[in-house]
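Single-letter residue listing:
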Amino acid sequence: MARWPGNVPLAALLSGGERASRWSRWSVLAPLTGPVLDLAEHADIPRALRSLSAQGAHSAGRDPDAPAFVGGWVGWIGYDAGVAFEPTARWAHKTPAPGSGRGWLARCDGAYVYDRLTDRWFGCGVDDGAVDALPRIGEHADRDLGFVVDGLASVQGQAAYERAVARAVEYVHAGDIFQANIAHQMRCGFEGSSRGAFLRMHGVAQPWFGALLEDWRSRTRRTIASISPELFLETDFATGDIVTRPIKGTRDAGEASSAESLAMSGKDSAELAMIVDLMRNDLSRVCEVGSVRVERDREIERHASGAGSTGVYHGVATVRGTLREGAGFAEVLAASFPPGSVTGAPKIRAMQVIDELEPFARGAYCGAIGFLSDCGLLRLSVAIRTATIEGVATTGDIDRVRGELTFPVGAGIVAESDPAEEWRETLAKAASVVAALGGTNP
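Given the structure is predicted, the values throughout are model-derived calculations rather than measurements.

Conventions we followed
Residues numbered from 1 in each chain as written. Predicted model: local features only at pLDDT ≥ 70, side-chain atom pairs only at ≥ 80, totals over all residues. Heavy atoms only, no water. Axes fitted to C-alpha atoms, helices over the stretch in contact; angles between N-to-C directions. Helix = DSSP H or I, 4+ residues; strand = E, 2+ residues; numbered from the N terminus. Parallel < 35°, antiparallel > 145°, perpendicular 65-115°, else oblique. Left-handed = near helix turned anticlockwise from the far one by under 90°. Contact = heavy atoms within 4.5 Å. Expected span 1.5 Å × (residues − 1). Buried < 20%, exposed > 50% of the residue type's maximum accessible area, 1.4 Å probe, protein only. Disulfide = S-S within 2.5 Å. Core = buried A, V, L, I, M, F, W, Y, C linked by side-chain atoms within 4.5 Å. Pairing = 2+ DSSP bridges. Salt bridge = Lys/Arg side-chain N within 4 Å of Asp/Glu carboxyl O. Nonpolar A, V, L, I, M, F, W, Y, C, P; charged D, E, K, R; others polar.

## Focus on the packing of helix H5 (residues 194-205) against helix H10 (residues 419-437)
Orientation of H5 relative to H10, taken along the N-to-C sense of each, is 125 degrees, at an axis distance of 8 Å. Relative to H10, H5 is oriented oblique. Read as a crossing pair, H5 and H10 show a hand that is right-handed. Counting all contacts with H5, which are made through Ala 197, Arg 200, Met 201, Val 204 and Ala 205, the residues of H10 involved are Ser 432, Val 433, Ala 435, Ala 436 and Leu 437.

This is the structure we're talking about:
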């Protein structure tokens, strides 16, 4: 990425972690030069996605050791597009926050693909011409990826966030909801290379699902920089296999006995169990009857342990099913978007509570980021630990801007939630970004 040409917009999906696994195996670097499906331009998003998925040349079968991306669509779907899939969720008018929107997906006919398990790079594309057109990275010198920020601070502040959490707890006790994910927004001024900021974030967090997406279509530049640990959906449309891995519960790995504390926490276990039930229900809307199963009800996994970070522990579940015949990209999203782990349960009422209590539009945050490959593989992360860098171009390089960086962060609120503890959990989740960008004033 340090050698990627400054005048070529980039989509980078980078796997990380202490070691490669089937969840953190493939990385993709693709030039964003093809057509774009901008969801803001479509009143009927499911219909727009249906036309997009029809263009993929899905194969009859896929070698699991073959590159996961062979050309296709790369991009993001914003949380704020959720009303298209859940129209009964009340959506109050709000002043758009930087990075708000419904998202976009760009056609990428060629890409560099890296396999962490075998330490091999591939040039992949729909044909030889698409591969030949990829930028020759070795021909470019390292670029200046420096950036400066002022203090990353919560826009709402601790007191306002704790009041929102307390109100969510009241809704739980009143029987309106079982759980809601409530966030606050951190923000700072930004000047310099958005690629440099992402690489710093990625180096500290080592996320399983890192992503950088550059919107190059106007003088006002917007970059999505995500260091997510959470898989929303992995779907093989050739075989019908679909899997989701929701996360609930976080502990600082630098604290003694934090893994044991998370494993023994009844509150965190209950949070995850509720979301597992929600995700089972979502998948059942698009899967064969009886095929949805909980493969792992709860595992304690270590995430984000790169340079300068002790990392965090998360509680993670794995839910798997088999798609019904004829179910495509649009049908899968209609059944499951937005991700249940970042809404709450029941989903629609939780979305209404979020709409009431959060004074900002989420934009990319809590949406989905990833690709739909022509080989029939869909992979989307949950856009948590996700920053939006927006500003005016300062040079001819796409990644050099002057503007601001926003970084929402939230927590799952249930009956036992303590507002002060939930505030501290959000700061633990923000620690990787804080470490990368150089400190905070909450």
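Having put the structure on the table, let's press on.
## Brief notes about helix H4 (residues 157-173)
Taking 1.5 Å as the rise per residue, H4 with 17 residues should run 24 Å; its terminal C-alpha atoms sit 25 Å apart, in good agreement. For H4, the set of buried residues is Gly 157, Tyr 161, Glu 162, Ala 164, Val 165, Ala 168, Val 169, Tyr 171 and Val 172. For H4, the secondary structure elements touched by its buried residues are strand E9 (153-154), strand E10 (179-193), helix H9 (347-357), strand E22 (400-413) and H10. Immediately downstream of H4, the backbone of Gly 175 shows phi near 90 degrees, a positive value.

## Notes on the environment of Tyr 365
By the secondary structure assignment, Tyr 365 is in the loop between H9 and strand E19 (368-373). By relative accessible area, which is 4% here, Tyr 365 ends up buried. Taking C-alpha positions, Tyr 365 is 25 Å from Ser 21, a pair spaced 344 residues apart along the chain.

## Digging into the state of the cysteines
Counting across every chain of the model gives 0 disulfides. The closest cysteine sulfur to the non-disulfide-bonded Cys 124 is located on Cys 375, 9.3 Å from its own sulfur. A relative accessible area of 8% places Cys 124 in the buried class. Cys 375 supplies the cysteine sulfur nearest to Cys 287, a cysteine that is in no disulfide, at a spacing of 19 Å.

## Observations regarding the side chain of Ser 381
Relative to the elements of secondary structure, Ser 381 occurs in strand E20 (residues 377-382). Residue classification places Ser 381 among the buried residues on the basis of a relative accessible area of 4%.

## With respect to the nonpolar core
Across soluble globular proteins, you tend to see nonpolar side chains buried next to one another. The biggest cluster of nonpolar side chains holds 66 residues, and the ones touching the most others in it are Leu 49, Ile 182, Phe 232, Phe 329 and Leu 333. Residues in contact with Phe 232, not counting those within four places in the same chain, are Val 243, Thr 244, Arg 245, Met 279, Leu 333, Ser 336, Phe 337, Pro 339, Ala 368, Leu 380, Ser 381 and Val 382. In terms of nonpolar packing, the next biggest core, distinct from the first, is built from 33 residues, Leu 152, Phe 198, Val 401 and Ala 430 among them.

## Remarks on the pairing of strand E15 (residues 247-252)
Among the 6 residues in E15, 5 count as buried, and that is most of the element. By the bridge criterion, 4 bridges tie E15 to strand E17 (residues 312-322) in an arrangement that is antiparallel. Note on E17: the bridge partner recorded for Arg 251 is Tyr 313.

## Observations regarding the pattern of salt bridges
Taken as a whole, this structure holds 31 salt bridges when the rule is applied. Across the pair Arg 245 and Glu 301 runs a salt bridge, and its minimum N-O distance is 2.7 Å. Remark: Glu 301 occurs in strand E16 (residues 293-303) and Arg 245 occurs in strand E14 (residues 241-245); sequence separation between them is 56 residues. On the basis of relative accessibility, which here comes to 5%, the residue Arg 245 falls in the buried class. When its relative accessible area of 11% is taken as the criterion, Glu 301 is described as buried. For Asp 282, the salt bridge is made with Arg 285, and the minimal N-O distance between the two is 3.8 Å. Take Asp 282: its relative accessible area is 3%, and that puts it in the buried class. Residue class for Arg 285 comes out partly exposed when judged on its relative accessible area of 39%. Through salt bridges with shared partners, a single network forms among Glu 86, Asp 282, Arg 285 and Lys 347.

## Describing the pairing of strand E5 (residues 103-108)
Successive residues of a regular strand alternate their side chains across the two faces of the sheet. Burial analysis of E5 places 6 of its 6 residues in the buried class, the great majority of the element. Pairing of strand E3 (residues 36-38) with E5 involves 3 bridges; the strand directions are antiparallel. Of the residues in E5, the one forming a bridge with Leu 37 is Leu 105. The pairing of strand E4 (residues 72-77) with E5 spans 6 bridges and is antiparallel. What sits directly across from Gly 72, in E5, is Cys 108.

## Examining the packing of H4 against H10
In contact at an axis separation of 9 Å, H4 and H10 are set at 120 degrees when each is read in the N-to-C sense. By the angle between their directions, the pair H4 and H10 is classed as oblique. Every pair of crossing elements has a handedness; the one defined by H4 and H10 is right-handed. Along its contact with H4, which presents Gly 157, Gln 158, Tyr 161, Glu 162, Val 165 and Ala 166, the element H10 presents Pro 419, Ala 420, Glu 422, Trp 423 and Thr 426. Here the residues of the contact of H4 with H10 sort into 6 nonpolar, 3 polar and 2 charged.

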